[in-house]
Amino acid sequence: MNELFKFIKKNIKFVLRMLFSKSKTIASSKGNSFVLQSFTTNKYEVVCFPEIFNISNKNKKKIEFENIKLIEFENSTIYSNSDIIELDDFIIWDKFYGNYWNRLIPLDHIFIYNSKNKIWIDRIKKTKKSDLALSLCGVQSDIWSHFLVQFLPKLLILDEILKKSNRVPDIIIPDYLDHNILEIIDKISSNYKNLKFVKLKRDEKLVCKKLLYVNNFSHLTEHSNSSKYNDVIISDLSLNLLTTKFFDYFNFEKNYDSHERIFIERKGVRNISNYKEVKSFLLKHNFKLVNTEKLTINEKINVFSNAKIITGPASSGFSNIIFCKPKTKVVPMINNKRVNDPYFSTIAEHLSLELIHFKGEDIDDNFINSDYKIDLKQYSFLINEYIKN
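Residues numbered from 1 in each chain as written. Predicted model: local features only at pLDDT ≥ 70, side-chain atom pairs only at ≥ 80, totals over all residues. Heavy atoms only, no water.

So, the overall build of the protein chain
Point 1. Within the protein chain, the regular secondary structure consists of 10 helices and 23 strands.
Point 2. A compact globule built from 389 residues would reach a C-alpha radius of gyration of about 21 Å, and the protein chain, at 22 Å, matches this within 12%.
Point 3. Viewed in the frame of its principal axes, the protein chain has a C-alpha envelope of about 65 × 65 × 35 Å.
Point 4. Here the analysis covers contacts within the protein chain between residues at least 6 apart in sequence; of these, 76% occur between residues at least 24 apart.
Point 5. Accessible area of the protein chain: about 19,000 Å², with a carbon and sulfur share of 48%.
Point 6. Each charge class in the protein chain can be summarised by its mean position, and for the 59 positive and 46 negative side chains these summaries are 2 Å apart. (Helix = DSSP H or I, 4+ residues; strand = E, 2+ residues; numbered from the N terminus. Rg over C-alpha atoms; globule rule 2.2 N^0.38 Å. Contact = heavy atoms within 4.5 Å. Areas by Shrake-Rupley, 256 points an atom, 1.4 Å probe, with all protein chains shown as cover. Lys, Arg positive; Asp, Glu negative; His and termini not counted. Charge placed at Lys NZ, Arg CZ, Asp CG, Glu CD.)

A short note on the environment of S189
Point 1. Among the structural elements, S189 can be located in helix α5 (residues 179-189).
Point 2. Each C-alpha atom, one on S189 and one on L155, is 9.8 Å from the other, the two residues being 34 residues apart in sequence.
Point 3. Residues contacting S189, with those up to four places away along its chain left out, are L195 and F197.

Quick word on the side chain of N274
Point 1. Here N274 shows up in the loop between β17 (261-264) and α7 (275-284).
Point 2. A distance of 3.0 Å separates polar atoms of two side chains, one belonging to N274 and the other to E277.
Point 3. What N274 contacts, discounting residues up to four positions off in sequence, is Y372, K373 and I374. (Polar contact = N/O pair within 3.5 Å; in protein donor to acceptor, adjacent residues only side chain to side chain.)

Remarks on empty space enclosed by the protein
Point 1. Per the stated rule, a full pass over the model turns up two cavities of 30 Å³ or more.
Point 2. What lines the largest cavity is simply I78, Y79, S82, D83, I84, I85, S135, C137, L211 and Y213.
Point 3. Elements that contribute at least two residues to the lining of the largest cavity include exactly β6 (69-79), β7 (84-86) and β14 (204-214).
Point 4. Of the residues in the lining of the largest cavity, the class split is seven nonpolar, two polar and one charged.
Point 5. Estimated volume of the second largest cavity: approximately 40 Å³.
Point 6. Surrounding the second largest cavity, Y100, R103, L104, H219, T221, H223 and D231 form its lining.
Point 7. In terms of residue class, the lining of the second largest cavity is made up of two nonpolar, three polar and two charged. (1 Å grid on protein atoms, 1.4 Å probe; cavity = no way out; pocket = protein on both sides within 12 Å on 5 of 7 lines; lining within 4 Å. Points joined across faces, edges and corners; volume = space filled by probe spheres on them. Nonpolar A, V, L, I, M, F, W, Y, C, P; charged D, E, K, R; others polar.)

This is the structure:
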C-alpha cells in the first residue's frame, strides 16, 4: 500500500489524467477511409547526410517513406497540435505505422499513454464543428522548420485538393504564434474566395462530417533526446513545391538591406561556447549578423537569395536556405552529437548548394544538446578559403 501511495504522489498529474481519460484502439490501417488522390508513388525518399569538415564526405541513403495521399474520413474528430484522428470506434495515428515508432516519444498534447495498440487520451470538452475540413494540425506544426517541410506543402497543393473535393473546405490550423506562418496563411487565404481558416486552440477539438487529410510531406523527429539516421526524411515533392509553387505568393523585398556574407544568430542551448571569439572573427570579415526570427517572408527570401556565404550555429534559421541560389556556400556549426543531422544537407543537395558541417567540441559529452567550442584556427581557414573563391 505504501508503494502505491508513493507512486501516486510521484505521478499525481499522470494519475489524474488517466482517471479522466478515454481509451480507444489504434487501427492497424487507415480503416474506413477513401483515397481521393496519391501525390507520390515511389515509397522511398533519398536522405542526404552532410559533408563534415576534415572528417567525412556527404553520402545518401534511400529510406522507406509512406506515399503522400489525400484521404477522406467521415465523422471524425481532430485536435490542435496532435496527429491523432479519432473515429467512432478507433483512432488513426500515422506515426504509429512508421518504421521509427519503436523509439518515438509522442508529443501529441492530448496523448497520455499507450500499450500495444491501445491509447489513452485527454477528454476535450470544448467543441467546434465543420461539414468539410482540411487539417493542418499536427505535432510541431507551429514551429517554422517543421511547418516549412511538413505542413506548408499541403497548402501549396490546395488547387488539386479543391478539384477533388468539389467544395471549399474549412482549413483547420493551430493557434499559431510564429509571425512568418501567420503571414503565409494570410497571403494564401487572400488568393481564394470563400476560403476560411479556423483556429483550433489546445483546449478545443473539431468534429467534422468529412475530413480531408493529407499525411505529412516529411518526417521530422518530435523530440531532441536522441539522433538516428531516419530522424529526418524530407520528401522530394515538398522541396519541389517550396522552390516553385511557393513563389506564386511571395517575391523579393527590394528595399531590404542584403549582404553577400551572413552570420545567423542562435539563442538557447546547442550554441557556441566561444561565441564572442567566433563573432569577432566574422565581423572583421564583413559578415552581417542576421536574426531570422525578426524577418518577414519577403525579407528572408531577399537575404538568403543574395547571400554567397552563410554560417552560424545550426538552428531552424538555416531552414531558410530553401531560398538560396545554387552554389551558395553554407557552413552550419554544430555539436558532435547532432553533426550528421540531414535536414540542411537534404535541402542543399536538392538546390545544388555547397554545404559543409563544421563540428565543434562538445562541452558535455553526455548531453545531446550540448554547447560546443569551435576550433577558430580550422574554422577561419575554411571561411577564408570560401572568401577567396
